[in-house]
Amino acid sequence: METETKDRQPTLSDRTYGWVNERFKLDALVEYMSGKVVPVHGHSAFYYMGGISLFLFIVQVITGILLLMYYRPGADSAYESVRFIVSEVEFGWLIRSIHSWSANLMILAVFLHMFTVYFTYAYRKPRELTWLTGIGLLGLALLFGFSGYLLPWNELAFFATRVGTGMAGAIPVFGKDILIVMRGGEEVTGATIGRFFGLHVAILPGLFTVLLAAHLIFIQRQGISEPLDWHALPESDKKHQKFFPSFLLRDLLVWLIVLNVIAVLAVLFPDGIGVVHWPLGVKADPFAPPPAVIRPEWYFMFAFQALKMLPAHILFIEGELFGILVFTVGGVVWTLVPFLDRGRAGDRSRYFMAFGWLVLAFIIVMTVVGYVVE
Amino acid sequence: MWLNEVKGAFMRSALAVLVLTVPAGTALAQADNCRDCHMAIEDEDGPAHKSVRDIHIQKGLGCVECHGGDVSLEDMDEVRAAAGYRGVPTHRQVPQFCARCHSDAAYMRGHNPALPTDQLDKYRTSVHGIRLFEHRDAKVANCISCHSVHEIGDAKMPHSSTHPANLAQMCGKCHSDADYMAEYGIPTTQVEDYTGSVHGIALLERGDLGAPACNDCHGNHGAAPPGVSSLSAVCGNCHAVESDYFDGSPHKAPFEELGFPMCETCHSNHAIVRPLDEMVGTSEPAVCLQCHTADDGTVAFATADTISRALGQLVAAHGGADSLLSEAIEKGMMTTDEEFRLKEVRQALIQARTLVHSFDADSVLPRVELGLEKADIVKTNAAALIDEYYFRRKGLGFATLFITVLVIALYIKVRRVDRRLRS
């Protein structure tokens with residue numbers, strides 16, 4: 001084999017690699033990466049969720065940059081520019097549709113990724129920081145969704161943002177200040193678009209990129225988590241595949257399938273479908289009466305519905321405030337799960353498993369109730 | 001110190017006495033023996049009971065303001081003998097009876113400055129007033145016939161007999177009673193006609209208070225609404241543009257010469273239905289045929305035919321554009337601009353229909369052409385949007401096919417790599 005390599009003429013790619021290698025010592029990195037493996041078992045499909053999330057984020061960045069070329073923030077221009085994008089710009093409708101579809105699918109993929117990691121105990125030592133960065137990425141993804149929702153400055157977005165930012169105002173002590181910082185004043189106005197726009201296209205992407213880089217580096221350094229019952233198996237019974245090229249090629253395969261799904265959804269349902277929809281509708285009018293039904297995006301529905309169902313007062317505090325406190329405590333517990341779950345490698349934790357199912361059931365039930373009950 | 005306490009106690013006691021005695025004194029001053037007695041002796045439909053809903057009572061006026069007498073007297077004979085007692089007026093006396101206050105500008109300014117004070121003067125010019133005062137006709141309406149007696153309400157109050165929604169029924173009490181109206185020789189179908197008319201449906205069924213009731217055309221107290229010289233011109237109060245076009249039309253002079261009312265001749269009066277484009281033309285049900293024939297020596301038939309055809313063209317163009325645009329909307333295309341443009345077509349159609357009242361084809365045709373031009377743009381753009389829809393479908397097909405081929409190719413590559421690695 002070596003003789004063959006030595007005998008044949010170096011190709012252009014060989015020469016390019018050699019040129020870069022001479023300067024950046026790529027051989028060491030390639031050797032390290034070629035040793036990486038991915039466990040192969042019945043639930044290996046879960047390993048693709050993170051990659052799907054990453055792919056959808058890349059789609060978001062590309063389509064977001066394209067939208068940015070025509071989008072103009074401001075109460076007098078935001079709606080008009082989005083209307084121009086979807087009606088006049090060549091394939092503008094497709095770009096907006098893909099951006100919206102991949103945003104929703106990304107949130108879904110991130111949620112699925114998080115729950116598969118949780119239920120397989122993949123957050124445990126030594127992957128505590130991977131979990132923390134992942135939770136941070138989920139939070140940023142939700143903020144992306146929240147800030148992006150207002151940008152078309154249409155009726156539904158305006159009133160949903162007013163309700164959403166209003167909830168932040170219920171936070172004790174700093175609530176009012178937070179609300180004013182978020183809205184850029186007492187009310188949702190053109191100043192709010194400016195803030196949300198800056199958040200959506202500059203601050204969040206920057207933070208997201210840093211956290212994503214940390215998340216990916218942690219994964220590459222620590223390798224992919226093995227299933228819990230593998231701890232009792234002898235090494236000979238464990239089946240692996242090489243990360244390069246086997247897993248990466250499969251990842252690319254899944255990405256192409258996801259791309260196909262997005263293409264179909266974006267063309268067949270450019271304004272979304274059912275509860276996942278983003279019709280441009282009419283321009284926001286702060287003086288118009290709010291629509292009969294104001295709903296947040298589907299991924300905020302569980303929290304919105306839960307807060308709505310709470311009575312006006314619980315014990316000595318307001319119901320909404322009580323709900324926000326419970327969500328805050330729940331969120332902190334969920335984030336700190338790697339440090340709270342002291343189970344040894346290979347052990348299952350009945351309590352954390354039950355907690356996980358409880359959270360999942362709560363999210364699903366509240367979301368369904370939110371859409372079924374008017 | 002001690003002195004201050006005594007002073008404080010005294011002031012508190014004085015304040016308490018003041019607070020307790022003022023309402024008692026007020027209650028004494030408000031004693032109304034008229035109402036107290038009449039409430040006791042009358043049944044629920046009696047004047048005293050009804051008057052609770054009367055605007056005069058609600059505004060703080062009492063029985064004596066109209067009937068005179070003295071509220072402090074308990075004996076009815078003493079009341080009748082009291083100075084200023086007016087009692088119950090006769091049918092003919094009622095207008096002056098009400099006018100004592102309602103024609104007194106100084107008095108009314110203190111109670112309701114927005115209310116005119118020329119009702120009696122206007123009433124004297126009306127058919128009702130003329131018949132009452134000059135012919136001593138006791139059957140015609142006076143103030144209380146329309147406003148009721150003791151439950152008089154502001155016309156804005158829903159319970160008031162003069163509220164727009166109650167007006168037709170109120171006038172119909174007399175005007176729909178064939179026996180009652182027999183001696184006057186006028187029709188008694190006005191209310192029935194009005195109820196089925198475009199105006200009646202708007203007001204009585206849809207609750208549109210902007211739609212005219214009887215008084216909007218016939219006036220409240222006078223012979224015609226303010227500023228209207230003749231009832232035949234009253235439609236112009238609301239339909240000003242049509243009225244202006246008619247005034248400049250070739251019909252104006254002959255209508256006046258022949259004594260034809262300007263609107264009623266074609267649209268009728270109480271039974272006005274929604275006008276149709278077919279009202280203009282040279283065949284039934286065109287109203288032009290009422291006066292004109294093909295060989296009457298005028299350009300009427302040619303004009304009517306031209307206008308009728310033009311309107312028909314624009315209606316068809318609007319329908320065609322609307323249909324294509326609906327298809328584009330149904331396919332989920334972005335049609336906002338075209339929807340606005342279609343509204344302009346609709347606007348052109350409305351303007352053309354209004355211009356019909358000029359009875360001048362040269363005025364109607366430019367507006368129709370403008371509408372046709374815009375309808376064509378809507379059609380073209382809607383068709384392009386529908387084509388775009390199918391283009392997107394085809395594009396999706398090719399893109400999906402291309403990606404699927406890539407997926408298959410990659411899958412084959414994965415299998416090969418796996419085989420190579422295994423070997």
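Source: prediction; values computed, not measured.

*Asks:* Can you walk me through the overall build of chain A in this structure?
*Replies:* For chain A, the count of helices and strands is 15 helices and 6 strands. In terms of overall dimensions, chain A has C-alpha extents of about 80 × 55 × 35 Å along its principal axes. Burial analysis of chain A (374 residues in total) assigns 42% to the buried set. In chain A, once contacts between residues fewer than 6 apart in sequence are set aside, the share between residues at least 24 apart is 76%. For chain A, the exposed surface amounts to about 20200 Å²; the carbon and sulfur share of it is 71%. Each charge class in chain A can be summarised by its mean position, and for the 28 positive and 29 negative side chains these summaries are 5 Å apart.

*Asks:* Hey, could you run me through the interface of chain B and chain A in this one?
*Replies:* Accessible area lost on assembly of the parts is the figure often given for the size of an interface. Taken together, the contact pairs 23 residues of chain B with 23 residues of chain A. Remark: the boundary between chain B and chain A carries 2 salt bridges. The partner of Arg 83 of chain A in a salt bridge is Asp 337 of chain B, with the nearest N and O atoms 2.3 Å apart. Of all the elements, helix 22 (residues 361–422) of chain B adds the most residues to the side of chain B that touches chain A, at 18 residues. Partitioning the side of chain B that touches chain A into residue classes produces 13 nonpolar, 4 polar and 6 charged.

*Asks:* Which parts of the structure should I look at to understand the side chain of Ser 81 of chain A?
*Replies:* Note that Ser 81 of chain A resides in helix 5 (residues 78–87). Ser 81 of chain A sits in the buried class, given a relative accessible area of 6%.

*Asks:* I would appreciate a short explanation of the packing of aromatic side chains in the present structure.
*Replies:* Here the distance between the centres and the angle between the planes together describe a pair of aromatic rings. All told, the structure shown has 35 aromatic pairs over all chains when counted by the stated rule. Aromatic pair Tyr 123 of chain B and Phe 133 of chain B: ring centres 5.9 Å apart, planes at 85 degrees, arrangement edge-to-face. With Tyr 123 of chain B in helix 9 (residues 119–125) and Phe 133 of chain B in helix 10 (residues 127–133), this pair connects stretches of sequence that are 10 residues apart. A residue is classified by how much of its surface remains accessible, and Phe 133 of chain B, at 14% relative accessible area, is buried. An aromatic cluster is present here, built from Phe 115, Tyr 118, Phe 119, Tyr 121, Tyr 123, Trp 131, Trp 334, Phe 355 and Trp 357 of chain A joined pairwise through their rings.

*Asks:* Looking at this structure, I do not really get unusual backbone geometry. What am I missing?
*Replies:* Most peptide bonds are trans, and most residues other than glycine sit at a negative phi. A cis amide bond links Lys 125 of chain A with the next residue in sequence, Pro 126 of chain A, at an omega value of 15 degrees. Note on placement: Pro 126 of chain A falls in the loop between helix 6 (92–119) and helix 7 (128–150). At the junction of Glu 284 of chain B and Pro 285 of chain B, the peptide bond is cis and its omega measures out at 5 degrees in the coordinates. You can see Pro 285 of chain B is positioned in the loop between helix 19 (264–267) and helix 20 (300–330).

*Asks:* Could you clarify how one ought to interpret a negative patch on the surface in this entry?
*Replies:* Residues and elements named next belong to chain B. Residues Asp 36, Glu 74, Asp 75 and Glu 78 make up a contiguous surface patch of negative charge. When you line up the elements, Glu 74 lands in the loop between helix 5 (63–67) and helix 6 (76–81). With relative accessibility at 64%, the residue Glu 74 sits in the exposed group.

*Asks:* Even after reading the chapter, I still don't get the environment of Gly 92 of chain A, so can you show me in this structure?
*Replies:* Residues and elements named next belong to chain A. Structurally, Gly 92 is set in helix 6. The class of Gly 92 is buried, set by a relative accessible area of 3%. Between the alpha carbons of Gly 92 and Tyr 70 there is a distance of 9.2 Å; along the sequence they are 22 residues apart. Filtering out sequence-adjacent residues up to four positions away, Gly 92 remains in contact with Ile 85 and Val 86.

*Asks:* Please clarify how the layout of surface pockets should be interpreted in this entry.
*Replies:* Any space left empty among the atoms is revealed by the rolling of a water-sized probe across them. Residues and elements named next belong to chain A. Of the pockets and cavities examined, the second largest pocket occupies roughly 1700 Å³. In terms of lining residues, the second largest pocket is bounded by 47 residues, among which Leu 142, Phe 300, Phe 302, Ala 303 and Phe 327 are the most central. Counting only elements with at least two residues in the lining of the second largest pocket, the list comes to helix 6, helix 7, helix 8 (155–168), helix 12 (301–309), helix 13 (319–335) and helix 15 (350–372). Looking at the lining of the second largest pocket, the element that brings in the most residues is helix 13, giving 10 residues. Looking at the lining of the second largest pocket residue by residue, the class counts come to 37 nonpolar, 8 polar and 2 charged.

*Asks:* Even after reading the chapter, I still don't get the pattern of salt bridges, so can you show me in this structure?
*Replies:* When their charged atoms lie close together, side chains carrying opposite charge are able to pair. The full count for this structure, using the stated rule, is 20 salt bridges over all chains. One salt bridge connects Lys 238 of chain A with Glu 226 of chain A, and the closest N-O pair in it is separated by 3.6 Å. Of this pair, Lys 238 of chain A sits in the loop between helix 10 (190–222) and strand 2 (240–242) while Glu 226 of chain A sits in the loop between helix 10 and strand 2, and the two are 12 residues apart along the sequence. The class of Lys 238 of chain A is buried, set by a relative accessible area of 13%. Two residues, Arg 392 of chain B and Glu 388 of chain B, come together in a salt bridge whose shortest N-O distance is 3.1 Å. With Arg 392 of chain B and Glu 388 of chain B both in helix 22 and 4 residues apart, the pair spans about one turn of that helix. The class of Arg 392 of chain B is buried, set by a relative accessible area of 11%.

*Asks:* How should the nonpolar core be read in this particular structure?
*Replies:* Buried together is how nonpolar side chains tend to be arranged in soluble globular proteins. Residues and elements named next belong to chain A. Ranked by internal contacts, the top residues of the largest apolar core, which has 83 residues, are Trp 131, Trp 153 and Phe 208. With 15 residues, helix 6 is the largest single contributor of residues to this core. The residues contacting Trp 131, other than those within four sequence positions of it, are Met 114, Val 117, Tyr 118, Tyr 123, Trp 334, Thr 335, Val 337 and Pro 338.

Criteria and thresholds
Residues numbered from 1 in each chain as written. Chains lettered and ligands numbered in written order. Predicted model: local features only at pLDDT ≥ 70, side-chain atom pairs only at ≥ 80, totals over all residues. Heavy atoms only, no water. Helix = DSSP H or I, 4+ residues; strand = E, 2+ residues; numbered from the N terminus. Buried < 20%, exposed > 50% of the residue type's maximum accessible area, 1.4 Å probe, protein only. Contact = heavy atoms within 4.5 Å. Areas by Shrake-Rupley, 256 points an atom, 1.4 Å probe, with all protein chains shown as cover. Lys, Arg positive; Asp, Glu negative; His and termini not counted. Charge placed at Lys NZ, Arg CZ, Asp CG, Glu CD. Salt bridge = Lys/Arg side-chain N within 4 Å of Asp/Glu carboxyl O. Nonpolar A, V, L, I, M, F, W, Y, C, P; charged D, E, K, R; others polar. Phe/Tyr/Trp six-rings, centres within 6.5 Å; stacked < 30°, edge-to-face > 60°. Patch = residues over 30% accessible without salt bridge, like charges linked within 9 Å, V, L, I, M, F, W, Y side chains within 5 Å. 1 Å grid on protein atoms, 1.4 Å probe; cavity = no way out; pocket = protein on both sides within 12 Å on 5 of 7 lines; lining within 4 Å. Points joined across faces, edges and corners; volume = space filled by probe spheres on them. Core = buried A, V, L, I, M, F, W, Y, C linked by side-chain atoms within 4.5 Å.

So, to be careful, I would describe these as geometric facts and stop short of saying anything about function.
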